[in-house]
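Chain by chain, the residues run as shown.
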Amino acid sequence: MSTLYLDHLATLQRQAEQALARSGFDTLLIASGIEKYAFLDDRPYLFQPNPHFKHWLPLTNHPHSWLAVRPGAKPLVVYYQPDDYWHVPPSAPEGEWVDAVELVVIREPEDAAGALASLVGPRTAILGEADAALPGLVPNNPELLLNLLHWARGTKTPYELAQMRAASRRAAPAHLAAREAFLAGASEAEIHRAYLVAAGHTDRDLPYTNIVCLNEHAAVLHYQYQDEQRPVESRSFLIDAGASVNGYASDITRTWVNPRAAGQEEFAELLAAMEREQLGLVAEVREGVDYRDIHLSAHRRTARVLRETGLVAMSDEAMVAEGVTRPFFPHGIGHLLGLQVHDVGGFMASEEGGVSPKPEGHRYLRLTRPLQAGMVVTIEPGLYFIPTLLRQLKASPHGGQVNWPKVERLARFGGVRIEDDVVCRAGGEAAENLTRDAFAAR
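About the thresholds
- Residues numbered from 1 in each chain as written.
- Predicted model: local features only at pLDDT ≥ 70, side-chain atom pairs only at ≥ 80, totals over all residues.
- Heavy atoms only, no water.
- Buried < 20%, exposed > 50% of the residue type's maximum accessible area, 1.4 Å probe, protein only.
- Helix = DSSP H or I, 4+ residues; strand = E, 2+ residues; numbered from the N terminus.
- Pairing = 2+ DSSP bridges.
- Salt bridge = Lys/Arg side-chain N within 4 Å of Asp/Glu carboxyl O.
- Axes fitted to C-alpha atoms, helices over the stretch in contact; angles between N-to-C directions.
- Parallel < 35°, antiparallel > 145°, perpendicular 65-115°, else oblique.
- Contact = heavy atoms within 4.5 Å.
- Nonpolar A, V, L, I, M, F, W, Y, C, P; charged D, E, K, R; others polar.

Peer 1: Got a minute to help me understand the pairing of strand E5 (residues 124-127) in this structure?
Peer 2: One face of the sheet, then the other: side chains in a regular strand alternate in exactly this way. Covered by surrounding structure in E5 are Thr124 and Ile126 together with Ala125 and Leu127, the residues of both alternating faces. Inspection of the sheet shows strand E1 (residues 27-31) paired to E5 by four bridges, in the parallel sense. Across the sheet, residue Leu28 finds its bridge partner in E5, namely Ala125.

So, in structure tokens, the structure goes:
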């Protein structure tokens, strides 16, 4: 891993030096960020580090620290370690990153200004939020520099892929523990707690808030609650949950059906059809493929499922052309994944910026770039029974083509989403499925 990390740093150093030269800067300073407090309160929100900072360093709980990148020199880390007895301060610097950098330890946040003063000038780029500013250290976030760095982040180094494989391996047993809790009749809150225990996480460690849905709640795409009450009948279970390793995320969704639930056969048939189509979409991940084409393919595949399961009596082509698939599948097929769950740069037209448009009528797609080797993307088709969208469909000219009695029966199960994290490989090679590999290793 040390070799992987050193190679990763060398790649970032090269990318940063090139970006600095192209954007007219000599030095790059990156703020880790500060703790933020609730309005009129002394209670801090959960700290979220600047992703540019944790791109270089596996430090995710280190506010008030800084990183300096200088051409031809080791990265300089200004490491904030307060002498604090109210909270546990960061430990003394340790890990493989320490020997790869120059290190300055500070006790007060404002000491960073003095430690970096000699590096600040008119050709210094400073990345961070406005509230990270110190005297002489005011973030300017140059647009061209950010674009160049965001574009480069779209492809992962071998070190980054190793962290993401580990994040998938951490999440897979937690998903299985959640499934067992569901089958035992647990509540959403109990299922969530079972997930945390199996992942070895607390809520603070999760890359995003777990989406834990029983029955009709699975029709809410980003269902944000966890009901403490056990349902009278546990019919279906959708969980969208990940794990973190050294600042890198996994993002996995699974849908399960209770084989003892009344009327579960129709939903099990739908779930099996969606599993088939999701694997087909994963197989479409190839270097050079336009991700927008995979999204449109997902709608064609959704149409096939709707037709084959008897939900809509129209041809696949007509369903897609008339937008009949969209009420059942209203979100995008996926997104870039990495340091952020919805990683940056998904809409960029080139490394210098610009916007690559979404297909008309598909405003929720989060990635519109051609796939490059080393990109990690999610593939997450869904088919849901969302009351507000179904009412609109029923009132449309195509409402008469929908099998509404069957829709009503299946609506008790909420919906289906299946999501894998997938690495695009070079030369037309089949994608690496981080998620399926992690489950297979259990």
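Peer 1: Would you mind going over the pattern of salt bridges with me for this structure?
Peer 2: A side chain with one charge can pair with a side chain of the opposite charge if their charged atoms come near. Enumeration over the complete set of coordinates arrives at 29 salt bridges. Glu233 is the partner of Arg412 in a salt bridge, and the nearest nitrogen-oxygen pair spans 3.4 Å. One end of the pair, Arg412, is in the loop between helix H11 (404-411) and strand E15 (415-417); the other, Glu233, is in the loop between strand E6 (211-214) and strand E7 (236-241), with 179 residues separating them in the sequence. On the accessibility criterion, Arg412 (30% relative accessible area) is partly exposed. Overall, the relative accessible area of 26% leaves Glu233 in the partly exposed class. Two residues, Arg425 and Glu429, come together in a salt bridge whose shortest N-O distance is 3.6 Å. Residue classification places Arg425 among the partly exposed residues on the basis of a relative accessible area of 30%. The exposure class of Glu429 is partly exposed, given its relative accessible area of 44%. Linked through salt bridges whose partners overlap, the residues forming this network are Arg276, Glu277, Glu284, Arg301, Arg304 and Glu308.

Peer 1: Hey, could you run me through the environment of Gly400 in this one?
Peer 2: Here Gly400 lies in the loop between helix H10 (387-394) and H11. With relative accessibility at 70%, the residue Gly400 sits in the exposed group. In the structure, Gly400 is positioned 87 residues away from Ala313 in sequence and 8.9 Å away in space, judged by C-alpha atoms.

Peer 1: Explanation requested: the packing of helix H1 (residues 2-23) against helix H5 (residues 158-183) in the structure shown.
Peer 2: Look at H1 against H5: their axes get within 7 Å of each other, and the N-to-C directions meet at 125°. Taken together, the axes of H1 and H5 lie oblique to each other. On H5, the residues touching Leu4, Tyr5 and His8 of H1 are Pro158, Tyr159, Glu160 and Ala162. Of the residues in the contact of H1 with H5, the class split is five nonpolar, one polar and one charged.

Peer 1: Looking at this model, I keep getting lost on the sheet that holds E6. Mind explaining?
Peer 2: Two orientations exist for strands paired in a sheet by backbone hydrogen bonds: parallel and antiparallel. In spatial order, the strands read E6-E7-E10; together these three strands make up an open sheet with antiparallel pairing. Only two strands of the sheet have a single neighbouring strand rather than two, namely E6 and strand E10 (252-257). Pairs of neighbouring strands in the sheet enclose a mean axial angle of 5°, with direction left out of account. In the sheet, E7 pairs with E10 via six bridges, with the strands oriented antiparallel. Counterpart to Asp240 in the pairing with E10 is Thr253. Its contacts with the sheet put H5 on E6, E7 and E10, and the angle it makes with E10 is roughly 20°. Most of the contacts of helix H6 (residues 188-199) go to E6, to which it runs at about 140°, and overall it touches E6 and E7.

Peer 1: Any chance you could explain the sheet that holds strand E16 (residues 420-423) here in plain terms?
Peer 2: If you walk across this open sheet you meet the three strands as E13-E16-E17, and the pairing is antiparallel. Every interior strand has two partners, whereas the edge strands, strand E13 (376-379) and strand E17 (432-433), have only one. Bridging between E13 and E16 involves four bridges; their strand directions are antiparallel. For Ile379, the partnering residue across the bridge sits in E16 and is Asp420.

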